[in-house]
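These are the residues of each chain, in order.
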Amino acid sequence: MLLTNNLGYPRVGAFRELKKANEAYWAKKISAEELLQAGLKIRESNWNTQKENGIELIPSNDFSFYDQVLDLSLTVGAIPARYNSLLNKIDRQYNLDLYFAMARGFQEGGVDVTAMEMTKWFDTNYHYIVPEFVKDQEFKLTSEKFLNEYNEAKKLGIETKPVLIGPITYLLLGKEKEAGFNRIDLIDKLLPVYEEILGKLADAGAKYVQIDEPFLALDIDDATKALYPEVFEKLAAAAKGIKLIVATYFEALRDNEDIAVNLPVHALHLDLVRGENQLDTILAKVPANLTLSLGVVEGRNIWKNDYENSLKKIKQAVDALGKDRVWIAPSSSLLHVPFDLDNENNEESLPAEVKNWLAFAKQKLAEVRDLAVLAEGDVDAETQKRFEANKEAAESRRTSPLIHKPEVKNRVSNITDEDAKRTSTFNARKEAQQAKFNLPGFATTTIGSFPQTKDVRKWRADLKKGAITQEQYDKEIAEETERTIRLQEELDIDVLVHGEFERNDMVEYFGEQLAGYAFTQNGWVQSYGSRCVKPPIIFGDVYRPEDMTVRWSAYAQSLTNRPVKGMLTGPVTILQWSFVRNDQPRSTTTYQIALAILDEVQALEKAGIKIIQIDEPAIREGLPLRKADQQAYLDWAVRSFRVSSSNVEDDTQIHTHMCYSEFNDIIQDIAAMDADVITIETSRSQMELLDAFADFKYPNDIGPGVYDIHSPRVPSTEEMVNLLRKAKAVVPAEQLWVNPDCGLKTRAWPETKAALESMVEAAKILRAE
Ligand code: GLN
Ligand code: ZN
């Protein structure tokens, strides 16, 4: 009948147990044995939770100490040569020391190797370790983690479905480390290892194996398309009696539908959240022996499922295929949502009414089970009760005055083209701003934050605990801000900042002050390795009840005659780093935030803050996965930024800041943002990232970062002079500013002072040339 299927479960632990165990192991505070034990405990608890919540196809090998792509690299023996000296560090099934060396680098006993590169997992905020391939790459089965975890669960009385990243997706996720070959051509060498893996799992008694091929839902070239049937013929042949499941997610199959439904496998998993409408076309194509796993419960967001809506899709599939060939599942692995809503009990940051609209990983399992029971038709009283409650929650979300603010909705629908455009051209603005600020050429500034020392974090923690009063806290922040203003004056920086000492995080700080936001206590999601983030939740129409930053910016400005830059986070970045509403388009939510930021910009302007920076480091990461959707996104993303920054005086200077990205392919859109000044990360690429701006003849002012803030290393004046000369060779000198790559909050004071001193000196040398 309708089976319940789960693709993957979060593994950091409900209270970040894995993070704590990993970090203790790295600090040599616990043994390898203890770390392995901590991992086992999490797996055991995850498997039991899934079983108790009615999941029939429970994944194994979805656990990882660091990253599942790295696990696979180790499994297939794709271990870069620089780790050869660590190959003997084989530590049970996990090869822990070698493994963590690949993830984080290794510096001990004369061995000094760098980590492998890390990058974003599709359009999530999860980062994986990028496989490295060489021309005569060899693969060989090196770890049996997949088998050990299958057997481990079996011993606990739980039959699991091992999960493997598919061979095509694995190769595509990697990178060629030398010229002269295409990594996809390594497939013939890689496949025998997959065949061996499947053979071993078959021998161990595995009934199902899930093979993740998310690239089937992306833009792939014809050669790759042609590869899919070939590869799966081979895998199917090697699988002996195992039923193979191909999992796709994060997008609809679109042009790859025909390939996907005709693969020689038992089941195909579809993301019916991102690919909401793909069922219509796919059902018409499904061959007689294929089962569909319907990903109806969202794996990427924290909203309760709308049962009535999901049941419509399920019914459509059941009508076409029959109950035996339809499974119910979350849309993707649940890795991207927090563990358990039951651990949230703070009425103030997460009101009961809002909590009733949410479902975290554990709750989503129950939703999958409920939907299967409801679709089956033989409904018990308990499930029926939950169905009624689910309908009520959906109705409450549609109508709650906590969410719906007609004034906010009206304001967004009344945004005009005028609202998204500055009154005067950049050149006219530049003249007005020059008259006002009279800044020198190669003007110096910083990106906003100054060191968040232990003290600063302690004041915040103490205030939260009630150990100090608001007045005491404010006094500390005021003093730290004043010290920072004085330091910048001494350093002779031209445009100062207040230092952001009052902020915990550049999104949370605003979220806490905007209406329409809620917060969790334990809503952690893995970002990379042991690092987790706790994204705030946008549940309702967003607006700004009060000033958010004026107080500290105005205070800082009152201390000095030099201009102090106001510091805001941009609408797209606020959206991108939050859990967002699914009951209206992302663009609508972003416009609401843009108007709230505009209100703050105008309040700053009124308070005499005439240089205002609106950070948008996350613009690029919001890009949709499919090319065909990208321009529409860029259009509303850029327009939102413009809405937040246009309705100001000519002599108000708008800055923006971007980092961690390539700019080449979106340079036109960055230019369309029309910020008076953009500061960007460039130093690690030796100003190469500036080329995109130069080639495009970027018209407004640019501050290419002259030193890397990720390292405590203090660069010499000469290095920075050289970088600036390089910049000057490609961008007219009148357009250039001088600043670090990004904010300084992770740095300590001594290196910060020393680096900024050299930076100002470098700017002065350039001015004199
Ligand atoms: N203004 C922020 C800071 O300096 C910018 C951070 C960022 O770009 N990520 O910390
Ligand atoms: Zn930055």
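Computed from a predicted structure; not experimentally measured. (Residues numbered from 1 in each chain as written. Chains lettered and ligands numbered in written order. Predicted model: local features only at pLDDT ≥ 70, side-chain atom pairs only at ≥ 80, totals over all residues. Heavy atoms only, no water.)

A.B. asks: Tell me what's going on with the overall build of the chain, and back it up with residues and numbers.
C.D. replies: Per the secondary structure count, the chain includes 27 helices and 25 strands. The principal-axis extents of the C-alpha atoms in the chain amount to approximately 75 × 65 × 55 Å. Taken over 769 residues, the chain has a buried fraction of 61%. A separation threshold of at least 6 residues defines the contact pool for the chain, and within that pool the share at least 24 residues apart is 78%. Counting only carbon and sulfur atoms, one obtains 49% of the accessible surface of the chain, whose full area is about 29,900 Å². The averaged location of the 120 negative side-chain charges in the chain is 2 Å from the averaged location of its 93 positive side-chain charges. (Helix = DSSP H or I, 4+ residues; strand = E, 2+ residues; numbered from the N terminus. Buried < 20%, exposed > 50% of the residue type's maximum accessible area, 1.4 Å probe, protein only. Contact = heavy atoms within 4.5 Å. Areas by Shrake-Rupley, 256 points an atom, 1.4 Å probe, with all protein chains shown as cover. Lys, Arg positive; Asp, Glu negative; His and termini not counted. Charge placed at Lys NZ, Arg CZ, Asp CG, Glu CD.)

A.B. asks: Mind laying out the domain arrangement of the chain, listing which residues take part and the relevant values?
C.D. replies: If you check the domain split of the chain, you get domain 1 (3-105 + 114-399) and domain 2 (406-768). Relative to domain 2, the C-alpha centre of domain 1 lies at a distance of 36 Å. Across the contact, 47 residues belong to domain 1 and 30 residues belong to domain 2. Summing both partners gives a buried area of about 3,300 Å² for domain 1 against domain 2, and 55% of it is carried by carbon and sulfur. Summed over the shared surface of domain 1 and domain 2, the number is five salt bridges. (Domains from an automatic or database assignment. Buried area = accessible area lost by both parts, 1.4 Å probe. Salt bridge = Lys/Arg side-chain N within 4 Å of Asp/Glu carboxyl O.)

A.B. asks: Give a detailed account of the packing of helix H17 (residues 454-465) against helix H18 (residues 470-491), specifying residues and quantitative values.
C.D. replies: Interaxial distance between H17 and H18 falls to 10 Å at its minimum, and their mutual angle equals 160°. With respect to H18, the element H17 is oriented roughly antiparallel. For the pair H17 and H18, the sense of crossing is left-handed. Within the contact between the two elements, H17 uses Val456, Trp459, Arg460 and Leu463 and H18 uses Gln470, Tyr473, Glu476, Ile477, Glu480 and Arg483. Residue composition of the contact of H17 with H18, grouped by class: five nonpolar, one polar and four charged. (Axes fitted to C-alpha atoms, helices over the stretch in contact; angles between N-to-C directions. Parallel < 35°, antiparallel > 145°, perpendicular 65-115°, else oblique. Left-handed = near helix turned anticlockwise from the far one by under 90°. Nonpolar A, V, L, I, M, F, W, Y, C, P; charged D, E, K, R; others polar.)

A.B. asks: So what's going on with the nonpolar core? Residues and values would help.
C.D. replies: In this structure, Trp121, Phe139, Tyr170 and Leu292 are the most contacted members of the largest nonpolar core, which totals 118 residues. With nine residues, helix H7 (residues 187-204) is the single largest residue contributor to this core. Split by domain, the residues of this core number at least three in each of domain 1 (3-105 + 114-399) and domain 2 (406-768). Among all residues touching phenylalanine 139, those that are not within four sequence positions of it are Val76, Ala78, Phe133, Tyr170, Leu171, Leu186, Lys189, Leu190 and Val193. Judged by nonpolar contacts, the second largest core, of 102 residues, contains Val550, Ile609, Tyr698 and Leu756. (Core = buried A, V, L, I, M, F, W, Y, C linked by side-chain atoms within 4.5 Å.)

A.B. asks: Before we move on, can you summarise the coordination of the zinc ion (ligand 2) with the specific residues and values?
C.D. replies: Around the zinc ion (ligand 2), the protein contributes the donor atoms His657 (NE2), Cys659 (SG) and Cys742 (SG), at 2.1 to 2.3 Å from the metal centre. Around the zinc ion (ligand 2), the four donor atoms sit at angles spanning 92 to 122°, and that spread fits a shape best called tetrahedral. Here the donor residues for the zinc ion (ligand 2) map to a single chain with the spacing H-x1-C-x82-C. The class of histidine 657 is buried, set by a relative accessible area of 3%. (Donors = N, O, S within 2.8 Å, 3.2 Å for Na, K, Ca; no water. Tetrahedral: all angles 85-135°; square planar, octahedral: opposite > 155°, others 65-115°.)

A.B. asks: Before we move on, could you go through the pattern of salt bridges and cite the residues and values that matter?
C.D. replies: Within the structure shown, the criterion is met by 64 salt bridges. Here aspartate 583 makes a salt bridge to arginine 397, at a shortest N to O gap of 3.8 Å. With aspartate 583 in the loop between helix H21 (571-576) and helix H22 (586-606) and arginine 397 in helix H14 (residues 381-399), the pair connects residues that are 186 residues apart, well separated along the chain. Judged by its relative accessible area of 34%, aspartate 583 falls in the partly exposed class. The salt bridge involving aspartate 541 is made with arginine 581; its shortest N-O contact spans 2.7 Å.

A.B. asks: Kindly report on the pairing of strand S20 (residues 565-569), identifying the contributing residues and their values.
C.D. replies: Consecutive side chains along a regular strand alternate between the two faces of the sheet. Counting buried positions along S20 gives five out of five residues, so the element sits mostly inside the fold. As judged from the five bridges shared by S20 and strand S21 (residues 611-615), these two strands associate in the parallel manner. Bridged to lysine 565 within S21 is isoleucine 611. (Pairing = 2+ DSSP bridges.)

A.B. asks: Quick rundown of the side chain of aspartate 674? Include the residues and the values.
C.D. replies: Inspection of the secondary structure puts aspartate 674 in the loop between helix H24 (667-672) and strand S23 (677-680). A polar side-chain atom of aspartate 674 sits 3.0 Å from a polar atom in the side chain of arginine 429. Once you skip the residues sitting within four places of it in the chain, aspartate 674 turns out to touch Phe426, Arg429, Arg642 and Asn700. (Polar contact = N/O pair within 3.5 Å; in protein donor to acceptor, adjacent residues only side chain to side chain.)

A.B. asks: Describe the UniProt feature "active site" (unreviewed entry) in the chain, listing the residues and the values that go with them.
C.D. replies: With numbering matched to this structure, UniProt assigns "active site" (unreviewed entry) to His710. With respect to the helices, strands and loops of the structure, histidine 710 is situated in the loop between strand S24 (701-704) and helix H26 (717-730). Those residues in contact with histidine 710, other than ones at most four positions away along the chain, are Glu681, Arg684 and Arg747. There is a polar contact of 3.5 Å between the side chain of histidine 710 and the side chain of arginine 684. (UniProt positions renumbered as here; feature names shortened; annotations may be inferred.)

A.B. asks: Before we move on, could you go through H14 and cite the residues and values that matter?
C.D. replies: Here H14 spans 27 Å end to end across 19 residues, near enough to the 27 Å set by a 1.5 Å rise per residue. Of all the residues in H14, the buried ones are Thr383, Phe387, Asn390, Ala393, Ala394 and Arg397. In an axial view of H14, the angular spread of the buried residues amounts to 125°, which keeps them on one side of the axis. Exposed residues pointing more than 90 degrees away from the buried face of H14 are listed as Ala381, Lys385 and Glu392. Elements that come into contact with the buried residues of H14 comprise helix H11 (307-321) and helix H13 (361-376). (Expected span 1.5 Å × (residues − 1). Arc of directions from axis to C-beta.)

A.B. asks: How would you explain the site of ligand 1 if you had to name every residue and give the values?
C.D. replies: The immediate surroundings of ligand 1 are formed by 13 residues, with Ser449, Glu500, Asp615, His657 and Gly743 found nearest. In this structure, an oxygen atom belonging to ligand 1 sits 2.7 Å away from a side-chain N or O atom of serine 449. In isolation ligand 1 offers 300 Å² of accessible surface; the protein chains occlude 96% of this area. (Near = heavy atom within 4 Å.)

A.B. asks: Can you lay out unusual backbone geometry for me, pointing to particular residues and giving the numbers?
C.D. replies: The backbone phi angle of phenylalanine 122 is positive, close to 50°, even though this residue is not glycine. Looking at where phenylalanine 122 falls in the secondary structure, it is placed in the loop between strand S5 (118-120) and strand S6 (127-129). Unlike most non-glycine residues, asparagine 438 shows phi in positive territory, near 50°. Within the fold, asparagine 438 resides in the loop between helix H16 (426-437) and strand S15 (443-444). Of the residues examined, asparagine 438 reaches a relative accessible area of 62% and is grouped as exposed.

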